[in-house]
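Understanding the architecture of this molecule
Letter by letter, the chains look like this.
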Amino acid sequence: LLVRRMLDGSFARDLERFLRAHPDIWWLGIGACDPAPFHDYLDTLEGGADIKRRCVFAGGSSAPWGMVRSCQVLLNEYPEGGGNSVIEAMGCGVPVVAMRAGARHAESIGAELVGDDAIATDDREAYWRLAERWLRNPDEAAAVGARQRARALANFDYSVICEQYERIAIEL
């Protein structure tokens, strides 16, 4: 699923260009997937071997929090991104770069979860500028991560969600 989301649209190409422009940055993909199609794409590019070396696929995990905490930012893929990974990163205090890539749920879920820190429109240049800014400014990234963590705990923690379900059940 992760690689499919990366290859649908321009995320894979944009990530490759970002990594090419920033040779000190690595990317970690967390999620069950076959990375071969992404690797095949990189193999077609001049200098793709270096990018492939810096793209690490960790596979799926039922407890990814240690890997998530090792990241400086989480890049929510577009046009479709995951929701659970966004909540997990927010809960770990890792700032999430997300944007509203369209009107469909899968194209907007990351932005909805992140709230005010998200790119409000399908502006890929703004997305990558924000990723670079947070990667280059760890104090700002830490402040954003703390703000997003507070948002996750206040709105998406299981205890909060269970209380909301309970209220709905009582009202029925």
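Described in the following lines is the structure provided in the data block. (Residues numbered from 1 in each chain as written. Predicted model: local features only at pLDDT ≥ 70, side-chain atom pairs only at ≥ 80, totals over all residues. Heavy atoms only, no water.)

Some words on the packing of aromatic side chains
- Using the criterion set out here, one finds 9 aromatic pairs in the structure.
- Measuring from ring centre to ring centre gives 6.3 Å for F38 and Y41, while their planes differ by 35 degrees; the resulting arrangement is tilted. With a gap of 3 residues between them, F38 and Y41 both fall in helix α3 (residues 36–43), about one helical turn apart. Of the two residues, F38 and Y41, neither departs from the other in class, the shared state being buried.
- Summarising the aromatic geometry, the rings of Y78 and Y127 are spaced 5.0 Å apart at their centres and angled 85 degrees between planes, so their arrangement reads as edge-to-face. Here Y127 lies in helix α8 (residues 124–136) and Y78 lies in the loop between β3 (74–75) and α6 (84–92), a separation of 49 residues in the sequence. Of the two residues, Y78 and Y127, both sit in the buried class.
- A connected cluster of aromatic rings, assembled from ring pairs, spans F11, F18, Y78, Y127 and W128. (Phe/Tyr/Trp six-rings, centres within 6.5 Å; stacked < 30°, edge-to-face > 60°. Helix = DSSP H or I, 4+ residues; strand = E, 2+ residues; numbered from the N terminus. Buried < 20%, exposed > 50% of the residue type's maximum accessible area, 1.4 Å probe, protein only.)

Focus on the layout of surface pockets
- Computed from the structure, the largest pocket encloses a volume of approximately 710 Å³.
- Surrounding the largest pocket, 33 residues form its lining, L28, G29, I30, C71 and L74 being those nearest its centre.
- When residues of the lining of the largest pocket are traced back to their parent elements, those giving at least two are α1 (2–7), α2 (11–21), β1 (27–30), β3 and α6.
- When residues of the lining of the largest pocket are assigned to their parent elements, the largest contribution, 4 residues, is made by β1.
- Grouping the amino acids of the lining of the largest pocket by side-chain chemistry returns 19 nonpolar, 10 polar and 4 charged. (1 Å grid on protein atoms, 1.4 Å probe; cavity = no way out; pocket = protein on both sides within 12 Å on 5 of 7 lines; lining within 4 Å. Points joined across faces, edges and corners; volume = space filled by probe spheres on them. Nonpolar A, V, L, I, M, F, W, Y, C, P; charged D, E, K, R; others polar.)

By themselves, these are just geometric observations and shouldn't be taken as functional.
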